[in-house]
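Per-entry structural report
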Amino acid sequence: MTSDITPGSPGVGSHRAEPAGPQDDLVTQIAAALPEWLPTQRWFGGKDREITAVRPLAATDLPAGDDVLLLHLVVEVEQGDRREPYQLLIGHRDDQVPDVPASASIPLPDGPAVYEASGDADLTCHLLDLIAGSTTVDGLHFAPEPGAELESGLRGHPISTEQSNTSIVYGGQYILKLFRRLTPGTNKDLVLHRALREVQSAHIADPLGSISGELAGDSVTFGMLQRFMSDAADGWVMATTSVRDFLADASDLPPGDLGGDFSGEAYRLGRAVADVHADLARALGTREADAAELAATASAMVERLERVAASVPELAPHADGISDVFRAVAEVPTPVTAQSVHGDLHLGQVLRTLQGWLLLDFEGEPAADVAERATLRSPLRDVAGMLRSFDYAAQQLLVGQAEDEREAERAAAWARHNRAAFCDGYAKVAGHDPRDQAALLRAFELDKAVYEVAYEHANRPDWLLVPLASIDRLTTEGS
Ligand SMILES: Nc1ncnc2c1ncn2[C@@H]1O[C@H](COP(=O)(O)OP(=O)(O)O)[C@@H](O)[C@H]1O
Ligand SMILES: O=P(O)(O)O[C@H]1O[C@H](CO)[C@@H](O[C@H]2O[C@H](CO)[C@@H](O)[C@H](O)[C@H]2O)[C@H](O)[C@H]1O
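Residues numbered from 1 in each chain as written. Chains lettered and ligands numbered in written order. Predicted model: local features only at pLDDT ≥ 70, side-chain atom pairs only at ≥ 80, totals over all residues. Heavy atoms only, no water.

Looking at the nonpolar core
Core analysis: the largest hydrophobic core is formed by 65 residues, its most contacted members being L315, F326, L347, W414 and F422. Those residues in contact with L315, other than ones at most four positions away along the chain, are L305, V308, A309, I322, V450, V453, L468 and I471. In terms of nonpolar packing, the next biggest core, distinct from the first, is built from 36 residues, V68, Y115, L130 and F222 among them. (Core = buried A, V, L, I, M, F, W, Y, C linked by side-chain atoms within 4.5 Å. Buried < 20%, exposed > 50% of the residue type's maximum accessible area, 1.4 Å probe, protein only. Contact = heavy atoms within 4.5 Å.)

As for unusual backbone geometry
Both trends apply: most residues other than glycine have a negative phi, and most peptide bonds are in trans. For the peptide bond that leads from T334 to P335, omega is 0°, which places it in the cis range. The residue P335 is located in the loop between helix 7 (319-327) and strand 15 (336-339) in this model. One non-glycine residue, Q200, adopts positive backbone phi at about 55°. The residue Q200 is located in the loop between helix 3 (188-198) and strand 11 (207-215) in this model. Even without glycine at this site, A216 takes up a positive phi of about 50°. Positionally, A216 belongs in the loop between strand 11 and strand 12 (218-227). (Helix = DSSP H or I, 4+ residues; strand = E, 2+ residues; numbered from the N terminus.)

Here's the deal with the site of ligand 1
Every one of the 17 residues lining ligand 1 counts as a neighbour, but Q163, N165, R227, G348 and D361 are closest to it. A distance of 3.1 Å separates an oxygen atom of ligand 1 from a polar atom in the backbone of S164. Interatomic distance of 2.8 Å between a side-chain N/O atom of Q349 and an oxygen atom of ligand 1. Contact with the protein chains hides 92% of the accessible area of ligand 1, taken as 550 Å² for the molecule alone. (Near = heavy atom within 4 Å. Polar contact = N/O pair within 3.5 Å; in protein donor to acceptor, adjacent residues only side chain to side chain. Areas by Shrake-Rupley, 256 points an atom, 1.4 Å probe, with all protein chains shown as cover.)

Let's talk about the site of ligand 2
As a matter of local geometry, ligand 2 sits amid 14 residues, with S164, D344, S389, Y451 and E452 nearest to it. D361 is positioned such that a nitrogen or oxygen atom in its side chain is 3.1 Å from an oxygen atom of ligand 2. Within the contact set of ligand 2, an oxygen atom lies 2.9 Å away from a side-chain nitrogen or oxygen of Y455. Burial of ligand 2 by the surrounding chains reaches 95%, relative to a free accessible area of 530 Å². At the level of secondary structure, the elements contributing two or more residues to the shell around ligand 2 comprise helix 9 (379-395) and helix 11 (438-459). The biggest single contributor to the shell around ligand 2 is helix 11, with three residues.

Some remarks on the packing of helix 4 (residues 235-248) against helix 9
At a closest axis distance of 8 Å, the pairing of helix 4 and helix 9 adopts a crossing angle of 50°. Comparing the axis directions of helix 4 and helix 9 gives the class oblique. Where helix 4 crosses over helix 9, the two elements pack in a sense that is right-handed. Taken together, the residues of helix 9 that come into contact with helix 4 (itself represented by W236, A239, T240 and V243) are S389, Y392, A393 and A394. (Axes fitted to C-alpha atoms, helices over the stretch in contact; angles between N-to-C directions. Parallel < 35°, antiparallel > 145°, perpendicular 65-115°, else oblique. Left-handed = near helix turned anticlockwise from the far one by under 90°.)

Examining a negative patch on the surface
A surface patch of like charges, here negative, comprises D66, D67, D94 and D95. Here D66 lies in the loop between strand 1 (53-61) and strand 2 (68-79). Given a relative accessible area of 71%, D66 falls into the exposed group. (Patch = residues over 30% accessible without salt bridge, like charges linked within 9 Å, V, L, I, M, F, W, Y side chains within 5 Å. Salt bridge = Lys/Arg side-chain N within 4 Å of Asp/Glu carboxyl O. Lys, Arg positive; Asp, Glu negative; His and termini not counted. Charge placed at Lys NZ, Arg CZ, Asp CG, Glu CD.)

Some words on the domain arrangement of the protein chain
Taken domain by domain, the protein chain holds domain 1 (3-227) and domain 2 (233-476). Taking the mean C-alpha position of each, domain 1 and domain 2 sit 31 Å from one another. Of the residues lining the interface, 25 residues belong to domain 1; the matching set on domain 2 comes to 29 residues. For the domain 1 and domain 2 pair, buried surface summed over both sides reaches about 2,200 Å², with 52% attributable to carbon and sulfur atoms. (Domains from an automatic or database assignment. Buried area = accessible area lost by both parts, 1.4 Å probe.)

See below:
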């Protein structure tokens, strides 16, 4: 090993607020390099603002064998008045170049060659082993869920799909999600998966383990292990394949008359989402929201709109039309049923398996703050999220293309057809049609689209026009 990195050296392996000790020099150097490096990472959710400082909050040296370093690092990223903790895994090898992409390398002016290690199978295999062995390392708890028997010794490979966190698949059997932006309390993804498992929901991948600890006095979830569904097809991939087939067809046949029609799946997906809502209600209960809560929800939506419009000028021209729809929420007849919901449902969060549709990732909107996540939890929010996603699927092939009226109209027809099928499936199981609550559904769709404007602005600026086009439609045409 190089002299300034000593795996297991005293003073490093602790979850503590202020680093001090020989390896802390390394931690300090990494923190200093992160303002340049973080914005290059897909999972970093703060690309919309300059990073003003990065401070180490906790560093834990994980057991990973000789001549390698596997450091669990939590840093606080400061962006003006916003301060958020992020989780990283830092790797270093003394004698071997790791098989990770160049973008994982964190350049240090005077330091050794370190890299973000979630792509290094030789290092991440230790995370699964620590969970399987129910191990605590300096306040970091690696634990299987009660009754879960895990195979250890499997190598882990990160998945390459679009995501806000980082997930590692072990031997095609397990998937470990490392939450990047950390929030206080047990992560909602883990809480809701556990609750759904209790009621034996048929529409989730079973939770099998977790990584947890404490940060600034709060308990925090760093990771969640789940069964990996190796036979699964991603809902986003299936839907966008159908859109491509439809747009490529030269005839003027409607979407339901072509071979790649997705509406049967959209219908079954609607049924599955309604089932999960019923499971969540059974596991965690429901309550009735009154007029005051609806008024507070309307205000929260207007506040978010104003905040996003202030930083994304393209949204500003639509702001009046949107806030009219939000204000109408205060007039919706009460009571309205509230319950635990998914919170960020879209086609990338659903998997088609042999046993039917599964829902993933119950964490809620990654860019929403805790207060936003706590506003009225109506099942209609998930319906609205999925309706937005059908729009996204229809429009994503048009991103960056020259305007073509026929294509745009056909994309819109695909979205209408599948949105309707999804609502039909939902209504069949729920016993009520979400379209009957039109004012609330439209407001939730617009609220989601406003969130997406902020999300795309911070993460994928080229996609900004997708939610903006939907906002235009929803505020001018009404649906
Ligand atoms: N249990 C699973 N089985 C198979 N694939 C999965 C599983 N969980 C997640 N995935 C895949 O990983 C992707 C990202 O997972 P997700 O939980 O949505 O992460 P994020 O919170 O980072 O968006 C999903 O879109 C899906 O393709
Ligand atoms: O990372 P998460 O899956 O938790 O969710 C975030 O990222 C999503 C994109 O990866 C984003 O979803 C938006 O884009 C999707 C297409 O890539 C589309 O299907 C969704 O309808 C649209 O909202 C999601 O909003 C964000 O929270």
